[in-house]
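Structural description and commentary
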Amino acid sequence: METMGAAVGVLGHQNQPPQKTGGERLNAEIQSELNLESVRTRAISLYKAISRIIEEVDGLARSNSSPKA
């Protein structure tokens, strides 16, 4: 069992990506291919929609709860 743990520990270090330095930018061609701006816009839109739903559910839960004696 100890050998298995050691193997997992060694493999865990190999799977880590190399450290990136700050300020790296993607090539404009790659960025357009990945369509990152629309992905970012969609993620923000989904975040806002989920936040509104959570606020609505929270408001309903608070209004439907009865105070405990």
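No experiment lies behind these values; they were computed from the predicted model shown.

1. With respect to the overall build of the protein chain
Counting secondary structure elements, the protein chain contains three helices and zero strands. The secondary structure elements of the protein chain, listed N-terminal to C-terminal, are α-α-α. For the protein chain, the proportion of its 69 residues judged to be buried stands at 0%. Accessible area for the protein chain stands at about 7000 Å²; split by element, carbon and sulfur atoms hold 59% of it.

2. As for the pattern of salt bridges
This model, assessed by the stated rule, comprises two salt bridges. Across the pair glutamate 37 and arginine 40 runs a salt bridge, and its minimum N-O distance is 3.8 Å. Here the residue glutamate 37 and the residue arginine 40 both occupy positions in helix 3 (residues 36–64), the gap between them amounting to three residues, near one helical turn.

3. Observations regarding a nonpolar patch on the surface
Residues Leu26, Ile30, Leu34 and Leu36 make up a contiguous nonpolar surface patch of about 330 Å² in total accessible area. Taking the relative accessible area as the measure of exposure, leucine 26 reaches 46% and is therefore partly exposed.

4. Some thoughts on unusual backbone geometry
Even without a glycine there, the phi angle at asparagine 35 is positive, about 60 degrees. Mapped onto the elements of the fold, asparagine 35 is located in the loop between helix 2 (28–34) and helix 3.

5. Regarding the confidence of the model for the protein chain
For the protein chain, per-residue confidence averages 75 on the pLDDT scale, and residues scoring 70 or more make up 61% of the total. Here helix 1 (residues 2–14) is the element of the protein chain with the lowest mean pLDDT, 49, and helix 3 is the one with the highest, 94. Confidence drops under a pLDDT of 50 for residues 6–13, and excluding neighbours within four residues, the segment shows zero contacts in the predicted structure.

Procedures and definitions
- Residues numbered from 1 in each chain as written.
- Predicted model: local features only at pLDDT ≥ 70, side-chain atom pairs only at ≥ 80, totals over all residues.
- Heavy atoms only, no water.
- Helix = DSSP H or I, 4+ residues; strand = E, 2+ residues; numbered from the N terminus.
- Buried < 20%, exposed > 50% of the residue type's maximum accessible area, 1.4 Å probe, protein only.
- Areas by Shrake-Rupley, 256 points an atom, 1.4 Å probe, with all protein chains shown as cover.
- Salt bridge = Lys/Arg side-chain N within 4 Å of Asp/Glu carboxyl O.
- Patch = residues over 30% accessible without salt bridge, like charges linked within 9 Å, V, L, I, M, F, W, Y side chains within 5 Å.
- pLDDT = per-residue confidence, 0-100.
- Contact = heavy atoms within 4.5 Å.

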